[in-house]
Amino acid sequence: PTAVAKLAAGVSLAAALGAAVALRLSIRRRASLRRRMRVAFIHAEDAPKWSEQLGLYMAAFDRSGEFQWREYRAWLGELPRLEEADAAFISGSHHNVTDAATVPWMQDLFAFVRAAALSERVRLVGICFGCQAVAAALGGTVGPNQSGAFAYGVERLWPAPDFAGHPAVASARTGMRSEPSLAGGQPHAPAPRVLESHGQCVHTLPPGATLLASSASAAHELFAVGPRVLCMQFHPEMSVALLEEKIAPALLAARLLSADEHREAVRTFAREYDAAWASDASFARALVSAHIRL
């Protein structure tokens, strides 16, 4: 009987421990779900061909599925309340920021940007049009590309002095290709390649902004405003195939890009799309993801 009692006690203890472990794991899982970062995707493009753009952003910046995404269609007046989001993306668009005075939804978007920038917890990422919208909302200026031409293709990202010290850059540097470029015979910071498609750019930065990088088509290609706002003119979410499929035909039809300019861009794609390209693309995406997680 003593042996049976001990065995029963052991079984009961094991069952109790097992139940405790299961409960602890369940609590952890529930806590993990509660802690999932809520990410607002502010869709600024109303063209039907980009109706699935949210999926593009999720694939680029959240492959592990750790974020809780919600889409807001800015052109329909849909914007998140600050308490609804931990982070927000503002997408690209065929609309121009310089038309904001006659486009009511842009004014609402600018107001959201100002409120988010003043908040102490919402992280904001502006991409292409989104970059320009953030700059304009916070006191910078936006206008046509200073070259007078539409920027379409691959460009180098030339780091500014504050580039390496930005927390998101430091976190993402493991994805950067270790190719030294030479400037005036002296080693220069690595210059990852990025995809461009824009007719306008940021001419002057908002007060208090920090320049992180420039490019051939945009003097203010990458910049930050405080610790929670990161903006880029380039398209880290895009691929060459997507640019060619969805953007090039529209640019050619609207005569924003000439046939010769397009042929040169295609030649550049062929020349630059080598084995090391994946590392550059990974860095650009890791930069955004790191900023959101910091």
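Residues numbered from 1 in each chain as written. Predicted model: local features only at pLDDT ≥ 70, side-chain atom pairs only at ≥ 80, totals over all residues. Heavy atoms only, no water.

(A) Examining the overall build of the protein more closely. Helix and strand content of the protein: eight helices and 14 strands. A buried classification covers 46% of the 294 residues belonging to the protein. Partitioning the contacts of the protein with sequence separation of at least 6, the portion at a separation of at least 24 is 76%. (Helix = DSSP H or I, 4+ residues; strand = E, 2+ residues; numbered from the N terminus. Buried < 20%, exposed > 50% of the residue type's maximum accessible area, 1.4 Å probe, protein only. Contact = heavy atoms within 4.5 Å.)

(B) Inspection of the pattern of salt bridges at higher detail. If you walk through the whole model with that rule in mind, you get 12 salt bridges. A salt bridge links R121 to D86, with the shortest nitrogen-to-oxygen separation between them at 3.1 Å. Taken together, the residues span a long stretch of sequence, with R121 in the loop between α3 (104-118) and β4 (123-127) and D86 in the loop between β2 (67-73) and β3 (87-90) at a distance of 35 residues. Classification of R121 by relative accessible area gives partly exposed; the value is 38%. Notably, a salt bridge pairs R193 with D280, separated by 2.8 Å at the nearest N-O pair. Pair noted here: R193 is in strand β10 (residues 193-198) and D280 is in helix α8 (residues 277-293), with a separation of 87 residues, a long-range link. Of the two residues, R193 and D280, neither departs from the other in class, the shared state being buried. Put simply, R70, R81, E83 and E84 are held in one network by salt bridges that share partners. (Salt bridge = Lys/Arg side-chain N within 4 Å of Asp/Glu carboxyl O.)

(C) Focus on the pairing of strand β1 (residues 37-43). Across the seven residues that make up β1, a large majority, five, are buried. Of the pairings in the sheet, the one linking β1 to β2 comprises seven bridges and is parallel in character. Its bridge partner lying in β2, H43 is registered against R73. Following the chain from β1 across helix α2 (residues 53-61) to the adjacent parallel β2, one finds a crossover that is right-handed. Pairing geometry for β1 and β3, over four bridges, is parallel. (Pairing = 2+ DSSP bridges. Right-handed = clockwise from strand over helix to strand, strands pointing away.)

(D) Looking closely at the packing of aromatic side chains. Enumeration over the complete set of coordinates arrives at nine aromatic pairs. Aromatic pair F61 and F89: ring centres 5.3 Å apart, planes at 15°, arrangement stacked. Placement of F61 in helix α2 and of F89 in strand β3 is noted, with a sequence separation of 28 residues between them. Residue F61 shares its accessibility class with F89, and that shared class is buried. With 6.2 Å between their ring centres and 50° between their planes, F163 and F283 make a pair best called tilted. With F163 in the loop between β7 (158-159) and α5 (167-172) and F283 in helix α8, the pair connects residues that are 120 residues apart, well separated along the chain. Here F163 matches F283 in class, with each residue buried. (Phe/Tyr/Trp six-rings, centres within 6.5 Å; stacked < 30°, edge-to-face > 60°.)

(E) Here's a closer look at the nonpolar core. By size, the foremost hydrophobic cluster in this structure holds 33 residues, and its most contacted members are W105, L124, F129 and V134. When contributions to this core are tallied by element, the ones reaching two or more residues are β1, β3, α3, α4 (129-137), β13 (222-225) and β14 (229-232). Those residues in contact with F129 that lie beyond four places of it in its chain are A44, S91, G92, S93, H95, N96, V97, W105, M106 and L109. (Core = buried A, V, L, I, M, F, W, Y, C linked by side-chain atoms within 4.5 Å.)

(F) Representation of the sheet that holds β1. Across the sheet, eight strands lie side by side as β2-β1-β3-β4-β14-β13-β12-β7; this open sheet has mixed pairing. Only two strands of the sheet have a single partner each, and these edge strands are β2 and β7. Running over the sheet, α8 touches β1, β2, β3, β4, β13 and β14 and is turned about 155° from β4. (Axes fitted to C-alpha atoms, helices over the stretch in contact; angles between N-to-C directions.)

(G) Spotlight on the packing of helix α6 (residues 240-253) against helix α7 (residues 259-272). One way to put it is that α6 packs onto α7 with a least axis distance of 11 Å and a crossing angle of 175°. Between α6 and α7, the angle is such that the two are roughly antiparallel. Contacts from V240, L243, E244, A248 and L252 in α6 reach A259, H262, V266 and F269 in α7. Residues of the contact of α6 with α7, tallied by class, amount to seven nonpolar, one polar and one charged. (Parallel < 35°, antiparallel > 145°, perpendicular 65-115°, else oblique. Nonpolar A, V, L, I, M, F, W, Y, C, P; charged D, E, K, R; others polar.)

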